[in-house]
Structures are given as structure tokens and as C-alpha cells.
Amino acid sequence: MGWFLLPYLIFHLLLLLLHFPSYTFSLCNHHDSSALLQFKNSFTVSTAAEDWFDCPFSPSKTASWKNGTECCEWDGVTCNTMSGHVVGLDLSCSHLRGEFHPNSTIFQLKHLQQLNLAFNNFSSSPIYSGISDLMNLTHLNLSCSALSGDIPSTISQLSKLVSLDLSCHWDIGMDMRLDPSTWKKLILNTTNLRELILDGIDMSSIKESSLSVLMNLSSSLVSLHLSDTELQGNFPSDILSLPNLQELDLSFNQELRGQLPKSNWSTSLRYLHLSSTGFSGEIPNSISNLKSLNQLDLSACKFNGLLPLSLWNLTQLTDLNLVGNNLTGEIPSLISNLKHLTSFDLSALLQNLRVLDLSNNTIQGKIPKFFHDNLLHSWKDIQEIDLSFNKLQGDLPIPPYGTRHFSVSNNNFTGGISSTLCNASSLIILNLSHNNLTGMIPQCFGAFPFLWVLDMQMNNLYGSLPSFSERNTFETIKLNGNRLEGPLPQSLVNCTYLQVFDLGSNKIEDTFPNWLETLQELQVLSLRSNKLHGDISCFSTEHPFPMLRIFDVSNNNFSGPLPVSCIKNFQGMMNVMDDQTGLQYMGKDSYYDDSVVVIMKGDIPQVIGDLNSLKGLNLSHNQITGIIPQSLSNLRNLEWLDLSWNQLTGEIPGNNLIHLEIIPMKEIQCCVDSLLLKSCNKDEEQPPNSTFHHEEQKSGFGWKAVAVGYACGAVFGMLLGCNVFLTGKPQWLVRLIESMFNIRVKRTINRSRANRSGVN
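Owing to the predicted nature of the structure, the values given are computational and were not obtained by experimental measurement. Residue numbers restart at each chain and count upward from 1, following the sequence in its written direction. Owing to the predicted nature of the model, reporting of local features is limited to residues with pLDDT of at least 70; listing and counting of side-chain atom pairs is limited to 80 or more, with chain, interface and lining totals taken over all residues. Note that the side-chain values use all heavy atoms of the structure and ignore hydrogens as well as water.

1. Some details on the overall build of the protein chain
Reasoning step 1: Helix and strand counts for the protein chain come out as 13 helices and 46 strands.
Reasoning step 2: Burial here depends on accessible area, computed with a 1.4 Å probe over protein chains only, as a share of the maximum for the residue type. Under 20% is buried, over 50% is exposed, and the range in between is partly exposed. Counting over 760 residues, the protein chain shows a buried share of 54%.
Reasoning step 3: In this description, contact between two residues means that some pair of their heavy atoms is separated by no more than 4.5 Å. Restricting the contact set of the protein chain to residue pairs at least 6 apart, pairs at least 24 apart contribute 62%.
Reasoning step 4: When the accessible surface of the protein chain is summed, it comes to about 34000 Å², and 51% of that surface belongs to carbon and sulfur atoms. Only DSSP runs of H or I reaching four residues or more are called helices, and only runs of E reaching two or more are called strands; each is numbered from the N terminus. Per-residue and other accessible areas were derived by the Shrake-Rupley procedure at a 1.4 Å probe size, with only the shown protein chains allowed to occlude residues.

Written out as C-alpha cells, the structure reads:
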């Protein structure tokens, strides 16, 4: 009988649905929906650029949250399909801005299991104790959300946590602290924790004895990130033996000490970053047990001894950084034996390698053919190669196309530059400086479309300069200290982004290239010690050399007076902000720290008094004649002055020189009375230039000067010569030299350069 009623029931059900077409079943729990809307309304959606930096293309997920709509369909919301309760909330990169209140309605979502509020701006609010109300949380991510203050101990009550991320290095508003008691409770209560990321959290109060509690997570912990947390003391090496550990990052904790285990490694380890820590000792042979290792960063540590051959048995390695240690060894033993340490050849080994950085070690010997071949044919994904500051010899290695950074400076490479290097037209930085290379510069270098640093200084290169193509991206060209000849190529005017051009100490024979004044970005021009001749003039453009801060044409065969028409247009030496300090030339991410030597003849022009930002003036050890110009009294910011070893007469105008520091100059063969410098005895012999140059080469520094930039402005005519090193004055200048020689500055590519280069 029931079978006959079934069509009747279906028919009436269809009529019912047709009669109420707008009716839909609501899955979302009403209480949860209300709590979410109140949470949304407690914040604004920021349009400030700093709140969009990390997530520039992500619209706010709360835009779809509207009253009367199904909350389980809102962006970022996940509901339990049976109960309708909200169990997942992902509002990362939603550009929320405002204070996080202690009674926030988000704490009412009792069924919540996953909460992600990363990359928002909660205006330095603390994490409130109400977080413990979310007892069902398994995943909590509050990274980079401008939270601050002490992490509440109640967070340890979230015993179901599997993943906890409170990190952020670069969030200025992020200033959270974790005390030892909360740390211990957290680790002991969250026994299922697989991922713990606390990068950038202040953990300085946690002693080394408290770190051992991590062993409580021995069966669960997969990822541990404690970078830049101010940890100190000895890190327990047993952590590296946890059976499931895949990621360990302890970088940028300089007071954290430790050693790599000689056995019982966690064989599942894929990511090991210990850079800028106090880890020391040898790299053990047992590191070869890390068959799954992808990234190994041991840079800026205190490791010493021989590089173990077993290191090159890490077949899955993609990133390797050993820079800044005391490691020794020969590349032939490391590379040529590599094929005997594995079951497959080098074409398979390291085929995904992207970064190879072995700089600042004492690796010596020739690079074998085995390495050359694989560099060209096997490591096709490599982008950065840095072998600088070692003792490598022989022929240059040739980077493949796709390489962006290639530096082999400060080694002992010899021979010519192979034309095969022309295939590496993807290069952005090419640094072959301070070697013993010979031969001619390949013409193709001037046509590399993305190259912005070409540094080949201090070699034995000869021949002419290459021609420079249109629409190039050169910013720095350093060819000083070679044997280059011929005239300057006028194609240099195509280098419209050029900031540094150093061609000093070559054999260039030409007149002064006044056509370079069209280069509006040029800040450093050094043509010293060549065979240039004729007058120095600037007259063909309205604003010649507007950004110039170093101008060195000494030790040539120029004639005529000093170029007043040029000096009075050196706007880059006249404009400086009072609150800027330090020797800075090229923007906020790059510095120029090369030395130049200037030798001048003739009179000091009165126009020098217009350089009102001048901090130091040193024209010593030249052949300058005439009267000391009274315009020096305009230099109110002048801190030190040296006019020794010249043939000047007259008085130093000292009425306005309120900051002036007189440098003791024992070598001056002149009559000095207070601030009065009379003419030197012309019969007295001055020290020959060759002796002075020799002293400069021994010290490694040799400013002698026409114009040197100071704090985006200028110091005109700095000399870091014998007086500075003998007397230690002026102290600010000595400190500057010391910092320049103890710090190796790497230039970074900003976004505008990347866009201009077109390299992805």
C-alpha cells in the first residue's frame, strides 16, 4: 500500500518547495555568527601601506561577512557540517587594525580548533588570558600581528595544540616576552606539539637548564624555530637527536653556544639553520647521515677544522652557507672525491643547488675540471656563487646562464677571462676583483642587460674598455688598478644609472671626459693616475655632475687652474641634512668604501667656501701654491683641516671655524704659529710621492682627496694618511676606518632594481 503513496508524497513535497522558493536551511550556529560579526566590528580594515606590505594583493576576508548571510560561507570561516559550530577561522592578511580587547567575542567560539590571525595589526595589544577559553585549539597562529607584552601562562592550558606560531622578526610592533615558568608549563602540557615557532620572541630569561624540557616533546616535535630570541648558554645537542625533528632554526642568537653531535642525528632533518650563533668545534663526519637535508646554514659561527668530505654526500642539498668560519681544506679533495662517496655521479648530486657560498675561509688550491664541468652542465638552478676571500688558484670557474651573483674576489686566480663567461648574461653582480687576472676585458660585458655591478679592480688586465650598450643597468664600474689603455669610450654616456666609476691607476690616454657630466646619478668619479691631459672643464650642460661626491683626477697631466665651474655645481657636496651621520653614498642600502688618492696642483679657489656641509678639508702633500682663501671662514661645519706639504701663504681664517680640530702634524716643514700657516721653505725637500704611495699600500687605505662624500653630503678632500694612524685623531675618522675594515658590506637589490632588470 505504501508504494502507491510514494508518488503522492513526492508530488506534494515538490509543491511545497515551489511554494517557498526563498527558504534555505541555515547551517551556521547563531551564537557563533553573532560573535564573529562583533569581532569584525571591533577593528577597521586598514589602507595604510605598512599594513599591506606583507600581503599586498590580499583583500580583507571580512568583506564578505554580512548580517543575515550564511556565516559558514564567509571567507576564512570553517564550520562543523553536523553541528554548525565554527571550528576554523583564518583571517591572516585581512588588514585588520585596532586593539585586541580582553573580552573579545572571539573567545566565545568554544568549538574553535584552528585560529590564524597572522599579518594583521593589533596595535601592540597583549595576548589576553582569555585565550585559554579556546580549549579545543589545535592550531594557533598569531605571527606578525603587532602583539606585545608577556605571553600569558594560560596559553599552556591549550593542551591539544599541535602547532603554535607567535613569531615575527620584522614586525616593529611585535615585542613579546616568554618567561621561564610559562615556557616550562607550555612544553610540559602540550605533549602533542609538532610545530613550535617563536622567532623574534624575547626568551632571554630562559636559562640553558630550561631548554632541556624540549625532550618532553621527543615523540612529537617536527619543527622548532627559535631564531633571534636572545637565548644564551649551551644548547642541548640531544635536541638534534629527536627522532621526528625535520626543522631546527636557532639563528641570530649570538650568545647561544653548542656543538654538532658526533652521532645519533635526527635522520629526518631537512632544515638546519645555526647562522650567527656561538656554535663551534668541527663539522663531524656524521653529518653525512642527514640524507634528507635541504638547507644547511652554518654561517657566521665559530666552526673550525677541515671541511669533512662527508659534507658533500648530502645529495638533497639546495642551500649551503658556510661563510664566516675558520674552516680549511682544499677544493680538489672536496669535489674530485665526491663521486666516490655516493652511489651516483655529480650530475645527479646537488642538481637543485641554488646558493653556493664558501666565502671568507682559507680554502686553497686549484678548482678541478670536475667542478668546472658540473658548474656549466649540472647545476642549472644555481643563482648565487660566492668564493671570495679564500686562497683559490688557477683558472676562473665559469658560471652558467641563470646565475645572478658571481663573486670570486680576493683570491689568486690567474690567466685570462674566457669568452665562455659571455654566456652568463643573466648576471647582476660580477666581482672578479683583487686577483691576478690578465688579458683583455671581454666586449660582451658592456652588453650584459642586467649587470649593475662590474668590479674587476686590482688585476693585470690590459687593452681598451668595452663599449657600453644602450639601456644598460650599470650602477658601479670599478676597473682601477689594471693596465688598461686607449681613450675612454663615449658609450659610457649610455650608463644613465651609473653611480660609481673608478678607473684610477691605469694607462688611459685622453682629455678630460666632460661629456660624463650628463650622467645625473654619478656620485663617484675617479680617474687618478692615468695619462689624461688638457684642461678640466664643465660647461656643456646646465647642471654638470649634480650628484658628484668624490671627484679624483689627481696624478695626471692636466693643465690650467682647478675647475671652479665644476666645483660650484657640486650640489651633492653642498646639500646635507644635519641629522645624518656616517659615510654613505648610494641610498639606504649601499655603501662605497673604496680608497682614492688625489694629487693637486695650482691654487685653492675661493668657491671652496660654498661647500657649506664640509666636515673635513685635507689638501696636504700636493703642489698647491698661492694664498689660503678667506672663504674658508664660511665653512662653519669644518672639523679638521690639513694643508701641510704645500707652498701656501697667508693666514687660516679662524673666526667662524668653531668646530675645528687642529691635527698635530710633526712632518710639516712649515712655520706654524697658532692658526697661522706661512709659506714653506721651498728649498726644503718634500717626501716623494712614491714613498707616500708605498705607505698607503701597506696600510690598505689611502684617501688624499679633492672631494669625498660625508653622510649623503660631502667631505671635500679627506686624507687618511700617516697623521691619522700615528695620532688617532680625529677620533670619529679613526672609528670610521676601523668599521670599514672590520665589516664586509653586501649590496642588496631593491625592488626597483629588480623591476628594472627584468630578471625573475
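2. A closer look at empty space enclosed by the protein
Reasoning step 1: The definitions used throughout rest on a 1 Å grid laid over the protein atoms alone, on which a cavity is an enclosed set of points accommodating a 1.4 Å probe that cannot get out and a pocket is an open set flanked by protein within 12 Å on both sides along at least five of seven lines; lining residues are those having an atom within 4 Å of a point. Grid points are joined across faces, edges and corners, and a volume is the space filled by probe spheres set on the points. In this structure the tally under the stated criterion is 3 cavities of 30 Å³ or more.
Reasoning step 2: Size it by volume and the largest cavity reaches roughly 110 Å³.
Reasoning step 3: Of the residues assigned to the lining of the largest cavity, the class counts are 12 nonpolar, no polar and no charged. Think of it as three bins: nonpolar holds Ala, Val, Leu, Ile, Met, Phe, Trp, Tyr, Cys and Pro, charged holds Asp, Glu, Lys and Arg, and polar takes everything else, Gly as well.

3. Things to note about the environment of isoleucine 608
Reasoning step 1: Considering the arrangement of structural elements, one finds isoleucine 608 in the loop between strand E39 (601-602) and strand E40 (616-618).
Reasoning step 2: Separated by 27 residues in sequence, isoleucine 608 and leucine 635 have C-alpha atoms that sit 8.8 Å apart.

4. Things to note about the nonpolar core
Reasoning step 1: Residues belong to one nonpolar core when they are buried, are Ala, Val, Leu, Ile, Met, Phe, Trp, Tyr or Cys, and are joined through side-chain atoms within 4.5 Å. By size, the foremost hydrophobic cluster in this structure holds 145 residues, and its most contacted members are Leu89, Leu140, Leu166, Trp183, Leu296, Phe445 and Phe501.
Reasoning step 2: Looking at this core, the elements that each hand over two or more residues are helix H2 (30-41), strand E2 (77-79), strand E3 (86-90), helix H3 (180-189) and helix H7 (369-377).
Reasoning step 3: Ranked by the residues each element gives to this core, the list is headed by H2, at 4 residues.
Reasoning step 4: Not counting the four nearest positions on each side in its chain, phenylalanine 501 is found in contact with Leu465, Ile477, Leu488, Leu492, Leu516, Leu522, Val524, Leu525, Ser526 and Leu527.
Reasoning step 5: Membership of the second largest hydrophobic core comes to 9 residues, among which are Ile628, Leu641, Leu643 and Leu648.

5. Brief notes about the pairing of strand E30 (residues 460-463)
Reasoning step 1: Residues Leu461 and Gly463 line the buried face of E30, whereas the alternating positions Asn460 and Tyr462 sit on a face that is not buried.
Reasoning step 2: We treat two strands as partners when DSSP finds at least two bridges between them. Where strand E28 (residues 436-439) lies against E30, 2 bridges are found, and the strand directions are parallel. The partner of glycine 439 across the bridge, within E30, is leucine 461.
Reasoning step 3: Both E30 and strand E32 (residues 483-486) contribute to a ladder of 2 bridges, which runs parallel. Counted as the bridge partner of tyrosine 462 is arginine 483 from E32.

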